[in-house]
Amino acid sequence: MGLTLKDVDKVVGREIYLKDINLHLEPGSRNVILGRTLAGKTTLLRIMAGLDRPGRGRIRVGEKDVTGVSVRKRNVAMVYQQFINYPSLSVFNNIASPLKLAGLKKDEISRRVNETAAMLHIEDLLDRLPAELSGGQQQRVAIARALVRETDLLLMDEPLVNLDYKLREELRIELQEIFVRGRAIVVYTTTEPTEALMLGGNVIVMDEGRILQTGPTPEVYRHPASIRVAEVFSDPPINFLKGTVASGSVQIGERMTIPLLGHLRALGDGAYTFGARSNHLFLTPNNEDDVKIPARVELTEINGSETFIHARYDDFRLVVQEKGVRHVAIGSDIDIYVNPAGFFAYDADGILAAAPA
Amino acid sequence: MKVRKRSIALGIYYFLLLLPIYWMLNMSLRTNASILATFSLFPTDFTLENYIKIFTDASWYMGYVNAIIYVGMNTVISLTVALPAAYAFSRYQFVGDKQMFFWLLTNRMAPAAVFALPFFQLYSSVGLLDTHIAVALAHCLFNVPLSVWILEGFMSGVPREIDETAFIDGYSLPRFFITIFIPLIKAGVGVTAFFCFMFSWVELLLARTLTVTNAKPISAIMTRTISATGLDYGLLAAAGILTILPGALVIWFVRNYMAKGFALGRV
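Residues numbered from 1 in each chain as written. Chains lettered and ligands numbered in written order. Predicted model: local features only at pLDDT ≥ 70, side-chain atom pairs only at ≥ 80, totals over all residues.

## With respect to the domain arrangement of chain B
Residues and elements named next belong to chain B.
Consideration 1: When its domains are assigned, chain B resolves into domain 1 (1–47) and domain 2 (57–262).
Consideration 2: With centres defined by C-alpha atoms, the gap from domain 1 to domain 2 works out at 32 Å.
Consideration 3: Taken together, the contact between domain 1 and domain 2 spans eight residues of the former and seven residues of the latter.
Consideration 4: Every element with two or more residues in the side of domain 1 that touches domain 2 is listed here: helix H1 (2–28) and helix H2 (32–37).
Consideration 5: Of all the elements, H1 adds the most residues to the side of domain 1 that touches domain 2, at four residues. (Domains from an automatic or database assignment. Contact = placed C-beta atoms within 7 Å. Helix = DSSP H or I, 4+ residues; strand = E, 2+ residues; numbered from the N terminus.)

## Some details on the interface of chain B and chain A
Consideration 1: Across the contact, 13 residues belong to chain B and 17 residues belong to chain A.
Consideration 2: Going through the elements one at a time, helix H8 (160–169) and helix H9 (173–184) of chain B are the ones with two or more residues in the side of chain B that touches chain A.
Consideration 3: Partitioned by chemical class, the residues of the side of chain B that touches chain A number eight nonpolar, two polar and three charged. (Nonpolar A, V, L, I, M, F, W, Y, C, P; charged D, E, K, R; others polar.)

## Concerning unusual backbone geometry
Consideration 1: With an omega dihedral of 0°, the bond running from Asp235(A) to Pro236(A) counts as a cis peptide bond.
Consideration 2: Checked against the element boundaries, Pro236(A) lands in the loop between helix H8 (227–232) and strand S11 (239–246).
Consideration 3: Unusually for a residue other than glycine, Asp130(B) sits at a positive phi of about 65°.
Consideration 4: Within the secondary structure layout, Asp130(B) lies in the loop between helix H6 (112–126) and helix H7 (132–156).

## Some thoughts on the environment of Asp52(A)
Residue and element names in this part refer to chain A.
Consideration 1: Mapped onto the secondary structure, Asp52 falls in the loop between helix H1 (41–49) and strand S4 (56–61).
Consideration 2: Owing to 19 C-beta atoms within 10 Å, Asp52 belongs among the partly exposed residues under this scheme.
Consideration 3: Along the chain, Asp52 and Arg181 lie 129 residues apart, while their C-alpha atoms are 29 Å from each other.
Consideration 4: Among all residues touching Asp52, those that are not within four sequence positions of it are Arg46 and Ile47. (Buried ≥ 20, exposed ≤ 12 C-beta atoms within 10 Å, placed from the backbone.)

## Focus on the environment of Leu154(A)
Residues and elements named next belong to chain A.
Consideration 1: Note on placement: Leu154 falls in strand S7 (residues 153–157).
Consideration 2: By C-beta crowding, Leu154 is classed as buried, having 24 other C-beta atoms within 10 Å.
Consideration 3: Setting aside residues up to four positions removed in sequence, Leu154 forms contacts with Ala77, Ala146, Gly182, Ala184 and Val186.

## Details of the sheet that holds S11(A)
Residue and element names in this part refer to chain A.
Consideration 1: Ordered by their spatial adjacency, six strands build an open sheet running S13-S12-S11-S14-S20-S21, and the pairing between neighbours is antiparallel. Only two strands of the sheet have a single neighbouring strand rather than two, namely strand S13 (256–259) and strand S21 (352–354). Averaged over all neighbouring strand pairs, the angle between strand axes comes to 40°, with direction disregarded.
Consideration 2: Where strand S12 (residues 249–252) lies against S13, four bridges are found, and the strand directions are antiparallel. Bridge pairing links Val250 to Ile258 in S13. (Pairing = 2+ DSSP bridges. Axes fitted to C-alpha atoms, helices over the stretch in contact; angles between N-to-C directions.)

Written out as structure tokens, the structure reads:
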């Protein structure tokens, strides 16, 4: 059964948490809510779960209106950012507790608990108490408890945020497989674009309590409908260059004029903002269409396999993501190469005017 | 040298602290004649007579029994009332919740003497005078607010998400509360029970005012040692020692959580 939210608002005090949320989630779909902190992701999730009531609007499961129906009577499961388990129960009883409450038979319970535990590689820990487990294992228990019920709706609120990098990678891959196997509508919130891309499915980009864009994840990534979506859906931050289109070319800053090529040819005269993700900026030319941006280096970051070079051209701050370790002296002048064929063009209102095909 | 200095200071502190208790123990093991006659650091004419009297004379040992009965009742009542109340204060927002929470504590600010007369008048009119439940209920006036405060602190330390997860899993509120939540704050429940026990056990004024004979606690009976023939020092000391014991025993059980309890669970 699909989940539909219609005109959902949530205002607490004078602060708007959610505004005009309209969503339809297909049965069995994977949905990633992507947004920065305070975008309203958790609030939306809690309303979907039935933990909070929306200020206005209706929530339907299939054809049934469930607005205001107690969370106990909903068929949902939820995993929190914190590792939430029942500290006084063993891992087995933690996972079994929703099944016990549902009144299942003993052998059925133990079959399903063992099955789910094996899926999450915690089958050897069933006799332990949650406090005796590592953070990653605790979160696996919480996920197992959410999965074991086979609910219609599975909500995960940044479940991997509190884990270290290695565990996060590992669990992310496993979750992908688990999601594909399940029949539930999965709603997964994250602040990280890479995580959204890895999990696939649909993405719902949120900002300041509103939904900015929805659609299949790769589609949204390639066509961010507004400047804000492009910002939220890019890490490291997307580079923006403001320019003016006139008579077949673009003037960017004082020293740069580039001809309109490919998809950019469709642009009419006027002021535009051009966006290019940092992995499209290079220190060496790759293509004859590349344009050269003379810039001054302000900072370099090395994260092991990649180097981020922060530079400035006129008033534009640029980030170049280069593979490997690069040593670039701070304050030196460099040339940055970028192919305009990869530019997103946004009009004066910040709406996507042209995107690479 | 530093450590040495500190241990000396600590030694002096413990000496001063334990001296009166030792002196009481010393007195309880001597006869009145010996107590009044000579100064001695240890019992010269060792006797258990004082203790034997307390354990054989019903008017004495019933004092302990009465006290234990009403203290137990009070602890149970206080916890039963305070657990749901503290949960409400910790988890829900309602009109006047903060004010009400503070008002609870103001009950502890008034001296017991203020309430002695109204309680006496009220209880005598409904026939509760000289019953265990009378004292137990009267002590609730102090212990329920304190319990609510301590428990609320402990409960607020438990993440709300545990409650929500339980409700998502299908627990009803009472079932969640008893099977999941209370085990989580059992240290808090223990500390609260200890505080209830302590306050009720040492409270003299209300207990004495509201009882005559049937429910008279040990602290009131101890005043009987003063009579026309003088003061029965040995007996009084023995009764004192026996009064300290239960408290010491309970402190032993909750020793690890005491500090948190004194901070009303907010550590």
